[in-house]
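So you can see what is in the structure, the chains are spelled out below.
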Amino acid sequence: MANISENPKPARITFLDGRGELPMLEITTAWSTAEIYLHGAHVTNFKKCDEAPLLFLSQCSRFESAHPIRGGIPVIFPWFGPREGMGMHGFARVKPWELKEVLPAADGSMSVRFQLPDSPEAGAYPEFAADYVVTVNEGLTLELIVTNKSSDAKLEFEECLHTYFAVEDISAASIVGLKGVSYLDKVANFEKKTEANDAIRISSEVDRVYLDTTAAVEIRDARMGRVIRVEKEHSASTVVWNPWVAKSQEMPDFGNDEYHKMVCVESGNVSANKVVLAPGKTSCMKVKLHSAAG
Ligand code: TA6
């Protein structure tokens, strides 16, 4: 049998109407399948052939243009968190991104490039372009590329790939790679703390913004027997979130018991790590997701 890495079968892409009649892409490679909605350029599924889905998607998620999809990988831009009189986590995740390029590669992987369309909300910022490239193979690589197209104004923004990872049981999972990193503890009124644990365990609501960290993070899922590795480039913030009981009950698009089956480990540049882009400059935040038995 030919070694899959020598002549992998070419990747395939299918365009279809997904849930809520929202247009989506389905990508199949020799190693995996992925689903991406144009709504928010939202990756809703990534699954290696021999593994459980990598991403959590709420059974209660809405698939409506006015609302973000709950789960998968929300693209958070150009702000993170609440903003007076505007939506939470920016407007990029509720816009219909335009598919600009489909790039099958000889190694059997498939890349697709989306671009955020202009919008009234973007008018509050200097002229910019935001592109998002998703590459599917044995893993998933995400690149958020922002260009300041202004000739004289700097572009300040926050960005975050707010990834929901699927775990078998949150009580048997741990997050490794943040020891010694300072963080804002949002469940303690944003108190600044330092991570003391090699392995972070979750047994209550956790909502932490780790700052000035470029480290890779691992999600060790002992019950499933899987390790998910999150590597990143040009990202200085990592956010860890599990809503636990009360917050789960407050979210209409999230099942009351779904907190057992997910954890968000989000890679971005938020808060004090926000991006300040000089005129004409481009930033590229890259996140690589990989999983293996372990
Ligand atoms: O990244 C964690 C967080 O900021 C939490 O505070 C919670 O608000 C979560 O994002 C989900 O936000 P959303 O607007 O998608 O409900």
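Before going into details, it helps to say that this report is about the structure given with it.

**Re the overall build of the protein**
Across its full length, the protein holds one helix and 23 strands. Taking 2.2 N^0.38 as the reference for a compact globule, 294 residues should give roughly 19 Å; the C-alpha atoms of the protein span a radius of gyration of 19 Å, in line with that estimate. C-alpha extents for the protein along the principal axes are approximately 55 × 50 × 35 Å. Relative to its 294 residues, the protein shows a buried fraction of 54%. In the protein, 63% of the contacts between residues at least 6 apart in sequence involve partners at least 24 apart. Here the protein displays about 12,900 Å² of accessible surface, and carbon together with sulfur accounts for 50% of that area.

**Some points on the sheet that holds strand S2 (residues 23-28)**
Hydrogen bonds along the backbone pair up the strands of a sheet, which may run parallel or antiparallel. On the basis of which strands lie adjacent, the open sheet formed by four strands has the order S1-S2-S3-S4 and antiparallel pairing. The sheet terminates laterally at strand S1 (12-17) and strand S4 (42-48), the two strands that pair on one side only. The average angle at which neighbouring strand axes cross in this sheet is 15°, direction not considered. By the bridge criterion, five bridges tie S2 to strand S3 (residues 32-37) in an arrangement that is antiparallel. Residue pairing for S3: glutamate 26 is matched across the bridge by glutamate 35.

**Here we look at the pattern of salt bridges**
Inspection of every chain in the model, using the stated rule, returns 20 salt bridges. Residue arginine 113 pairs with aspartate 131 through a salt bridge whose shortest N-O separation is 2.4 Å. Within this pair, whereas arginine 113 is found in strand S7 (residues 110-115), its partner aspartate 131 is found in strand S8 (residues 128-136), the two being separated by 18 residues in sequence. According to the relative accessible area criterion, aspartate 131 is buried, its value standing at 10%. Taken together, the salt bridges that share partners define one network made up of Glu218, Arg220, Arg229 and Glu231.

**A look at the site of the ligand**
The environment of the ligand is made up of Arg70, Phe80, Met88, His89, Arg93, His162, Lys186, Asp207, Val239, Trp241 and Glu266. The contact in question runs from an oxygen atom of the ligand to an N or O atom on the side chain of lysine 186, over 3.0 Å. Separating an oxygen atom of the ligand from a side-chain N or O atom of glutamate 266 is a distance of 2.8 Å.

**Describing the packing of aromatic side chains**
Inspection of the entire model under this criterion finds eleven aromatic pairs. A ring pair is formed by phenylalanine 77 and phenylalanine 128, whose centres lie 5.4 Å apart and whose planes are at 75°; its orientation type is edge-to-face. Here phenylalanine 77, found in the loop between strand S5 (75-76) and strand S6 (98-104), pairs with phenylalanine 128, found in strand S8; they are 51 residues apart in sequence, far enough to count as distant. Of the two residues examined, phenylalanine 77 and phenylalanine 128, each falls in the buried class. With centroids separated by 5.9 Å and ring planes inclined at 70°, the aromatic side chains of tryptophan 79 and phenylalanine 91 adopt a geometry described as edge-to-face. One end of the pair, tryptophan 79, is in the loop between S5 and S6; the other, phenylalanine 91, is in the loop between S5 and S6, with twelve residues separating them in the sequence. Assigned by exposure class, tryptophan 79 and phenylalanine 91 land together as buried. An aromatic cluster is defined as three or more aromatic residues linked by ring pairs; in this entry it consists of Phe56, Tyr164, Trp241 and Phe254.

**Observations regarding the sheet that holds strand S9 (residues 140-148)**
Spatially, nine strands are ordered S6-S7-S8-S9-S23-S19-S18-S13-S16 in an open sheet, and the strand pairing comes out antiparallel. Of all the strands in the sheet, just S6 and strand S16 (199-200) have a single pairing partner and so form its edges. Bridge analysis of strand S18 (residues 217-221) against strand S19 (residues 226-233) gives five bridges, and the strand direction is antiparallel. Bridging across to S19, valine 217 finds its partner in valine 230.

**Here's the deal with the side chain of asparagine 269**
On the secondary structure map, asparagine 269 appears in strand S21 (residues 262-269). Polar side-chain contacts of asparagine 269 include one of 2.8 Å to the backbone nitrogen of alanine 236. Aside from chain neighbours lying at most four places away, what touches asparagine 269 is Phe157, Glu158, Glu159, His234, Ser235, Ala236, Ser237, Lys274, Val275 and Met285.

**Re the side chain of threonine 29**
Relative to the elements of secondary structure, threonine 29 occurs in the loop between S2 and S3. Look at threonine 29 and you get buried, because its relative accessible area is 1%. Ignoring anything within four residues of it in the chain, the contact list for threonine 29 reads Lys9, Ala11, Gly108, Val136 and Asn137.

What counts and what doesn't
- Residues numbered from 1 in each chain as written.
- Predicted model: local features only at pLDDT ≥ 70, side-chain atom pairs only at ≥ 80, totals over all residues.
- Heavy atoms only, no water.
- Helix = DSSP H or I, 4+ residues; strand = E, 2+ residues; numbered from the N terminus.
- Rg over C-alpha atoms; globule rule 2.2 N^0.38 Å.
- Buried < 20%, exposed > 50% of the residue type's maximum accessible area, 1.4 Å probe, protein only.
- Contact = heavy atoms within 4.5 Å.
- Areas by Shrake-Rupley, 256 points an atom, 1.4 Å probe, with all protein chains shown as cover.
- Pairing = 2+ DSSP bridges.
- Axes fitted to C-alpha atoms, helices over the stretch in contact; angles between N-to-C directions.
- Salt bridge = Lys/Arg side-chain N within 4 Å of Asp/Glu carboxyl O.
- Near = heavy atom within 4 Å.
- Polar contact = N/O pair within 3.5 Å; in protein donor to acceptor, adjacent residues only side chain to side chain.
- Phe/Tyr/Trp six-rings, centres within 6.5 Å; stacked < 30°, edge-to-face > 60°.

Keep in mind these numbers describe shape, not what the thing actually does.
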